[in-house]
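# A look at the structure
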Amino acid sequence: MLRINDIIDKAQTYLPPEDLEMIEKAYIYSASVHQGQVRLSGEPYLTHPMEVAGILTNMKMDAATIISGLLHDTIEDTLTTAEQLETEFGRDVAFLVGGLTKLSRISFGSQEERQSENFRKMILAMSADIRILLVRLADRIHNMRTLQYHPKDKRIYIARETMDIYAPLANRLGINSMRMELEDLSFQYIAPDAYNELFAKVAKTNESRDRYTEEVKSIISTELEKYSIKCKVEGRAKHLYSIYKKMHEQHINFDEVYDLIAFRIILDSDQEKSCYEVLSIVHALWRPVPGRFKDYIAMSKANNYQSLHTTVIGPYGERVEIQIRTKIMHEWAEKGIAAHWRYKEGLAFKGSEENQIKKLREVMEIQHEIKDPKEFMSNLKLALFPEDVYVFTPNGDVKSFPKGATPIDFAYSIHTDVGNQCIGAKVNKSIVPLKYKLQNGETVEIITQAGHHPSKDWLKNAVTTRAISKIRNWINLEEKKNSLVLGRDLLEKEFKRHNLKFSSYVKSDEIKKVFSECSVNSLDDLISQVGLGRISARRIVNSFLAGEPVSIPEPIIDKIKKRKTASQSMGVSLVGVDDMDDVLINFAKCCNPIPGDEISGYISRGRGIIVHTKNCPYIKKMGKERIVGIEWNVREENTYPVHIRIVCDDIKGVLTEVSSVISSFDINISYAQIETINMVAVCNFVIDINSLNQLNQVLAAIRQLKFVKSIERLRHF
């Protein structure tokens, strides 16, 4: 049990003697009024206010806050009145304790109404003095530490309330140590099976992890001593809930969580530039992981957290996360608002701290007008998070979006072409749908494919003005482009039906009369309107037939006009036939030929010529009379999808290593999948290849990887 001497010993390091006397007086008063009361654990009730006061002392709070921790339940659970507290301990303490008193003596129709009103009261009181919230957080931490004595249903209810409300509140105040403890304690009761399983796995690796931690700390310290940099190096395992959350969000197993340990370099210097100097030393010592550097000094988090984060390939090839910060930054990271408390007489908050409190008060005060308990609690949870969502690019740059933003918004924020050619997205290395709503702190990577275009459906999921306007602009341009092609085709056919030549008539003076009749300003507008179906092609022809005849040459019916179509762009031509540029060409899906393969053509009904490889089993079964000679005639570079399958050892980083080899050839990966069976990984890729020679080079490079057992090209998808 915590003793009053323990609290006094810690408090005397930063408080004057008169404050210590008042704290001791509050202890005696609390012991007197709570005498005879016990907790569910069977311990004297006094242990609870003592523990709360101890937590506040560790946070180096002022005397009034510590005294309020000792007395926070006196008005609610004893015969003590606010007037008595004011007489004994002053108006400040009486106000704080009054703000902490719950509504236990008022009757409500439901538990939800009681919960809503208790939070409403706390928020209104906090608007006047935020110390009330700090005492309430300390109170909740000790209650969570002793939650096992409550019935199961109540344990789950309190744990869920803590996870939804109190942990986010601690995060908004920047009190990282409180947030982590509240999350882990809540996790223990909300998902006990998952908690126990994860706890056992982490404990199993404790010994080896401790050895590794000490080794890395020693290397960092020794290296920094060479540069006469004074600092403290810490290494700690990440708290369980953060590990569980990462596994859940990224759909990975415990063995795939590479950054279980986070190292901190806390500098004695208060200069921000010192952090960047240390960063350069660390990066010279170990190779940094691309896209894993985050600068929270240049752009601090919403709760004013500042630090440099980097991930490097440390000893034995293990990824190591390192945080670099000054003492002041570290104090804020751990204790937030409480680290720079200025409620002592004559002092005030710094600008950034005052803004943080102001922002929190603003989002909370709005809630007091909401009457419905469900709506109040729902809005309160939303209010605890910033309106904007901050995400990272693969290079570690921070981008801000409105709440509800999707990868589509992210893609267009990079570049219009990236947005237009977006076919998918990865969030924290896991593929997500384009309608996925981005969350704070996620790393987003856009997957593009040349020739891909936006869809009208994207407008349902985009929220930024830029994305919406770019999508609409492309759709309008594409509709106009398509309408021009279709409109010209309709007009040419309609003119031909009347033995007229469209190209001659559009150059005549009569065309201007048609513009006027149809309320358009140019030939493109006229053709587009026909393509959109707003003006009929027959109407245009009739306008010319009604006027003076125009002299035109006789139509040439028997001559076939050559034009560049599919066969040219697909890069094949018929053997011995030079004037068949207008033949429709398609590639068979059964064998997926690429330039360099020996090929044959099959004349289909309605689909033109289908290109197969010569050894394709399907074309061998087809009638020889429909098979024609065909050869590659690549006039411009195209890409062709190829399916490859790789069988290799099931080790960490397989997908990354293979992807890196493929990417080194500047080849796009349009599909990737990995399956594991009995310690063997089967990787399926669909890659965009421009020739058989390029494919053979890629396959040869992949075979060089030590863990690869076999690799083959599959002829079907």
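Quick look at the structure, then.

Rules used in this analysis
Residues numbered from 1 in each chain as written. Predicted model: local features only at pLDDT ≥ 70, side-chain atom pairs only at ≥ 80, totals over all residues. Heavy atoms only, no water. Axes fitted to C-alpha atoms, helices over the stretch in contact; angles between N-to-C directions. Helix = DSSP H or I, 4+ residues; strand = E, 2+ residues; numbered from the N terminus. Parallel < 35°, antiparallel > 145°, perpendicular 65-115°, else oblique. Left-handed = near helix turned anticlockwise from the far one by under 90°. Contact = heavy atoms within 4.5 Å. Nonpolar A, V, L, I, M, F, W, Y, C, P; charged D, E, K, R; others polar. Pairing = 2+ DSSP bridges. Polar contact = N/O pair within 3.5 Å; in protein donor to acceptor, adjacent residues only side chain to side chain.

### Re the packing of helix H10 (residues 152–172) against helix H11 (residues 176–190)
At a minimum axis distance of 9 Å, the contact between H10 and H11 shows a crossing angle of 160 degrees. Judged by the inter-axis angle, H10 sits roughly antiparallel to H11. In this structure, the crossing between H10 and H11 has a hand that is left-handed. Where H10 approaches H11, its residues Arg155, Ile156, Ala159, Arg160, Thr162, Met163, Tyr166, Ala167, Ala170 and Asn171 are matched on the opposing element by Met178, Arg179, Leu182, Glu183, Ser186, Phe187, Tyr189 and Ile190.

### Concerning the packing of helix H19 (residues 407–414) against helix H22 (residues 465–497)
At a minimum axis distance of 8 Å, the contact between H19 and H22 shows a crossing angle of 80 degrees. Viewed along their axes, H19 and H22 adopt a mutual orientation that is roughly perpendicular. On the side of H19, the interface is formed by Ile408, Asp409, Tyr412 and Ser413, while H22 contributes Arg466, Ala467, Lys470 and Ile471. For the contact of H19 with H22, a count of residues per class yields four nonpolar, one polar and three charged.

### Description of the sheet that holds strand E17 (residues 640–649)
Ordered in space as E18-E19-E17-E20, the four strands form an open sheet in which the pairing is antiparallel. Looking at strand neighbours, the two that pair on one side only are strand E18 (669–677) and strand E20 (708–714), the edges of this open sheet. Direction aside, neighbouring strands of the sheet carry axes that sit 15 degrees apart on average. Direction of pairing for E17 relative to E20: antiparallel, over a ladder of six bridges. Paired with His643 across the bridge in E20 is Leu714.

### A closer look at the side chain of Thr47
Inspection of the secondary structure puts Thr47 in helix H3 (residues 47–58). Within polar-contact distance, the side chain of Thr47 engages the backbone oxygen of Pro44 at 2.8 Å. Every residue in contact with Thr47, bar those within four places of it in the chain, is listed here: Met1, Arg39 and His142.

### Quick look at the pairing of E18
Here eight bridges tie E18 to strand E19 (residues 680–689), and the two strands are oriented antiparallel to one another. Of the residues in E19, the one forming a bridge with Ile674 is Cys683.

### With respect to the sheet that holds strand E9 (residues 422–427)
Strand pairs in the sheet, formed through backbone hydrogen bonds, run parallel or antiparallel to each other. One open sheet holds the three strands; their spatial order is E10-E9-E11, and the pairing between them is antiparallel. On the outer flanks of this sheet lie strand E10 (430–432) and strand E11 (444–448), each paired with one strand and no other. Across the sheet, the axes of successive neighbouring strands diverge by a mean angle of 35 degrees, strand direction being ignored. Bridging between E9 and E10 involves three bridges; their strand directions are antiparallel.

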